[in-house]
Amino acid sequence: MMPSEMMTRFVVVGLGVVGSSVAYWLLNRLYSSKEEDETELKKDADSDRKPSRARDNVVCLEDLTVSSSLSGDQVETLFMLLRSENPGVVERTVNTISNLAAFTTNQNVMREAGMLQEVMDILCSERSPAIQTSCCQALANLSLNLTNQPVLQSCLPYVVNKFIQSGEHGPGALSILQLLTNMTTMEDYHHYVYPAIPKLLQFSATQEAAVQLQALKVLVNLSCSKGSAETLLHSPVPPRFLTLLQSGPADVQLRAMTFLANVISVQEDEVVSGTGDFEVDSLHAILYDNSGRDIYALALTLAVHSNEDIRKQASRVLVAKTLRYATQD
């Protein structure tokens, strides 16, 4: 006989001895314990299913990565995974969005669904550095679509502030610079990036090759805008900047010379007198004070460079400076 059956028989037979109230209490305890056991079993079963659910999420993301045109159900799945409490799931989902942004159709679908704002909210919520890096990379890819940029501009103050506080090493700075590069292809959003110009100049002379090149790309974009001229000319330039023109890799030399040619061209177009209060290490001092002759000499050297694009930018510098000297005389 099972223990529960013995207990039931004891209670029924013993009603006259212990009283009906005590019997009711014993029966209640008996069946309550059974329910608790069933609840624990259910919890164990749920816990057994959790790894399977996690695996399902990974499989789902792998399937989505190859989708060139997201469906409504797929977009809902991405939203659900972005709101997961598991940081690993969130990071993988953002990386998936970054890959999906390779397709213009997906860029438009995600914008219309409000996913750009969702990723920006995650970026600005101070998650782990890995998640923030993934968010910047995803937004950089999404910003290649010019229609997305009006939506993305709202995150630029946060991103620029994050960049100013960042170091040169690691993928975080690089992903931010990639986003800023894309967002400065149009002058509409240059003003957001002005506070980062001193940091960009600092990074232009870093030993981190990828960061250095990306910083120069942002500076080239900003130097196309007349509105940035004053901030650029007052900004300090690291001493190593001139060595980029002398012995840097060709792609670095090209961006550095293009940057200087743009600044000089804007300066001449605006007929800036150059009598402002500029520090000795400012870009203005390097271009127009005594060390400006060094720039002229470097431009002469690069005017016969084997790279046609470098020769073209060096010639721009020579023409602009020659005109300035002629005006002064």
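Going by the structure above, here's the rest.
Computed from a predicted structure; not experimentally measured.

**Q** Hey, could you go over the pattern of salt bridges for me, with residue numbers and the actual values?
**A** In the structure shown here, the tally under the stated rule is 2 salt bridges. One salt bridge connects Glu118 with Arg83, and the closest N-O pair in it is separated by 3.1 Å. Of this pair, Glu118 sits in helix H7 (residues 115-123) while Arg83 sits in the loop between helix H4 (72-82) and helix H5 (87-100), and the two are 35 residues apart along the sequence. Judged by relative accessible area, which is 16%, Glu118 ranks as buried. The exposed category is assigned to Arg83, whose relative accessible area is 55%.

**Q** Tell me about the layout of surface pockets, and please be specific about residues and values.
**A** Here the largest pocket is characterised by a volume of approximately 200 Å³. Every element with two or more residues in the lining of the largest pocket is listed here: helix H8 (129-142), helix H10 (156-165) and helix H11 (171-183).

**Q** Can you break down H11 residue by residue, with the values?
**A** Between the first and last C-alpha of H11 there are 18 Å, a value that for 13 residues agrees with the 18 Å anticipated at 1.5 Å per step. Along H11, the residues that are buried comprise Ala173, Ser175, Ile176, Leu177, Leu179, Leu180, Thr181, Asn182 and Met183. Elements in contact with the buried residues of H11: H8, helix H9 (149-152), H10, helix H12 (190-193), helix H13 (197-203) and helix H14 (209-223).

**Q** Could you give an account of the side chain of Ser282, with specific residues and numbers?
**A** Along the chain, the position of Ser282 falls in the loop between helix H17 (250-270) and helix H18 (283-288). Here Ala285 takes part through its backbone nitrogen, which lies 3.2 Å from a polar atom of the side chain of Ser282. What Ser282 contacts, discounting residues up to four positions off in sequence, is Leu233, His234, Ser235, Pro236 and Val237.

**Q** Give a detailed account of the packing of H10 against H11, specifying residues and quantitative values.
**A** For the pair H10 and H11, the least separation of the axes is 10 Å and the interaxial angle reads 135 degrees. Viewed along their axes, H10 and H11 adopt a mutual orientation that is oblique. Along this stretch, H10 crosses H11, giving a crossing that reads as left-handed. Judged by residue contacts, Leu156, Val159, Val160, Lys162 and Phe163 of H10 engage Ile176, Leu177, Leu179, Leu180 and Met183 from H11.

Calculation criteria
- Residues numbered from 1 in each chain as written.
- Predicted model: local features only at pLDDT ≥ 70, side-chain atom pairs only at ≥ 80, totals over all residues.
- Heavy atoms only, no water.
- Salt bridge = Lys/Arg side-chain N within 4 Å of Asp/Glu carboxyl O.
- Helix = DSSP H or I, 4+ residues; strand = E, 2+ residues; numbered from the N terminus.
- Buried < 20%, exposed > 50% of the residue type's maximum accessible area, 1.4 Å probe, protein only.
- 1 Å grid on protein atoms, 1.4 Å probe; cavity = no way out; pocket = protein on both sides within 12 Å on 5 of 7 lines; lining within 4 Å.
- Points joined across faces, edges and corners; volume = space filled by probe spheres on them.
- Expected span 1.5 Å × (residues − 1).
- Contact = heavy atoms within 4.5 Å.
- Polar contact = N/O pair within 3.5 Å; in protein donor to acceptor, adjacent residues only side chain to side chain.
- Axes fitted to C-alpha atoms, helices over the stretch in contact; angles between N-to-C directions.
- Parallel < 35°, antiparallel > 145°, perpendicular 65-115°, else oblique.
- Left-handed = near helix turned anticlockwise from the far one by under 90°.

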